[in-house]
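Here is how the chains run, residue by residue.
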Amino acid sequence: MSTHALLHLLRALLTLLAIAFGADALAAPAAVSLPPMPDVTVATVGTQTVSLPLQILALMTVITLLPGMLLAMTAFTRIIVVLAMLRQALGTGQTPSNQILLALALFVTALVMAPVIDASWAQGIRPYLDGQLEFEAALTATLGPIREFMFAQIREADLMLFAGMSGSTGYASPDEVPFTVLMASFLTSELKTAFQIGFFLFVPFVIIDLVIASVLMSMGMMMLSPMLISAPFKILLFVLVDGWSLVVGTLAASFVTT
């Protein structure tokens, strides 16, 4: 269809509208007066303002990533793995429950990470809230103490493993290590340390199981489960040596602080 044909069609439509609704229908509507809105700046990215829905979406995204950050950047992984292995070594089934172990692991993690969190707050978060640092500089300063804590727990072999997987042959300084390589190395080192601690926790309880099984075999009670008989003795031993305080204290002291 040509341009002239489109103009004729538009004129015909305007004529029909004028006849049906009157000439006032084609006039510009009067401006509607609205109450004044408060001048609120939600957030800015550079010179562009960010709307409230987008900021809420970003906040919800960060909240969903918190469990992963808790596992990958704090002492929580080592503590919860050791506590789970201790429960298995005791042979008490689901006692203590998962909720109790998680609560204990969270509190111990908070105590271990308290100096790191205080340093991050003082170096990065507080200056950013006071307007003394830009976001990029504040983020780097906030992650500085966390990186130092993670580097103190990492084994060099684990770090070089993930550095090779990322295509790097090495790093001149700790600041050059990417955060993804650092987190993967930290998690692997934490799992290795947790399993080493778990091995030493298992040894005395395995000895009790072997002694009870040998006694039952010598008495001809082969149909009786050694686990059933050894469970009270393992719990008694654990209580007599004040096992919970010993395990929690050893776990807290096992972290290298800078």
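One can find the structure itself at the top, above this paragraph.
These remarks concern the structure in this document. (Residues numbered from 1 in each chain as written. Predicted model: local features only at pLDDT ≥ 70, side-chain atom pairs only at ≥ 80, totals over all residues. Heavy atoms only, no water.)

1. What to know about helix H6 (residues 156-165)
All of the buried residues in H6 are Asp158, Leu159, Phe162 and Ala163. The arc that holds every buried residue of H6, seen down its axis, measures 135°, which confines them to one face. Exposed side chains of H6 directed beyond 90 degrees from the buried face belong to Glu156, Ala157 and Met165. The inward-facing, buried residues of H6 abut helix H5 (135-153) and helix H7 (179-218). Gly167, located one to two residues past H6, shows a positive phi value of around 90°. (Buried < 20%, exposed > 50% of the residue type's maximum accessible area, 1.4 Å probe, protein only. Helix = DSSP H or I, 4+ residues; strand = E, 2+ residues; numbered from the N terminus. Arc of directions from axis to C-beta. Contact = heavy atoms within 4.5 Å.)

2. Considerations on a nonpolar patch on the surface
On the surface, Phe199, Phe200, Val203, Ile207, Val211, Val215, Met219, Met221, Leu224 and Leu228 cluster together into a nonpolar patch covering about 940 Å² of accessible area. Take the nonpolar patch: its biggest share by element is 6 residues, from H7. You can see Phe200 is positioned in helix H7. (Patch = residues over 30% accessible without salt bridge, like charges linked within 9 Å, V, L, I, M, F, W, Y side chains within 5 Å. Areas by Shrake-Rupley, 256 points an atom, 1.4 Å probe, with all protein chains shown as cover. Salt bridge = Lys/Arg side-chain N within 4 Å of Asp/Glu carboxyl O.)

3. Concerning the pattern of salt bridges
This model, assessed by the stated rule, comprises 2 salt bridges. Glu190 is the partner of Arg78 in a salt bridge, and the nearest nitrogen-oxygen pair spans 2.6 Å. One end of the pair, Arg78, is in helix H3 (residues 76-90); the other, Glu190, is in helix H7, and 112 residues separate them in sequence. Overall, the relative accessible area of 2% leaves Arg78 in the buried class. The buried category is assigned to Glu190, whose relative accessible area is 0%. With a closest N to O distance of 3.5 Å, Lys234 and Asp209 form a salt bridge.

4. Some remarks on the environment of Met222
Here Met222 is to be found in the loop between H7 and helix H8 (226-240). Not counting residues within four places of it along the chain, the set of residues in contact with Met222 comprises Leu216 and Met217.

5. Overview of unusual backbone geometry
A cis amide bond links Thr95 to the next residue, Pro96, at an omega of -5°. Tracing the sequence through the fold places Pro96 in the loop between H3 and helix H4 (98-129). Even without being glycine, Asp242 reaches a positive phi, approximately 55°. Relative to the elements of secondary structure, Asp242 occurs in the loop between H8 and helix H9 (243-253).

Treat this as a map of the structure, not an account of what it does.
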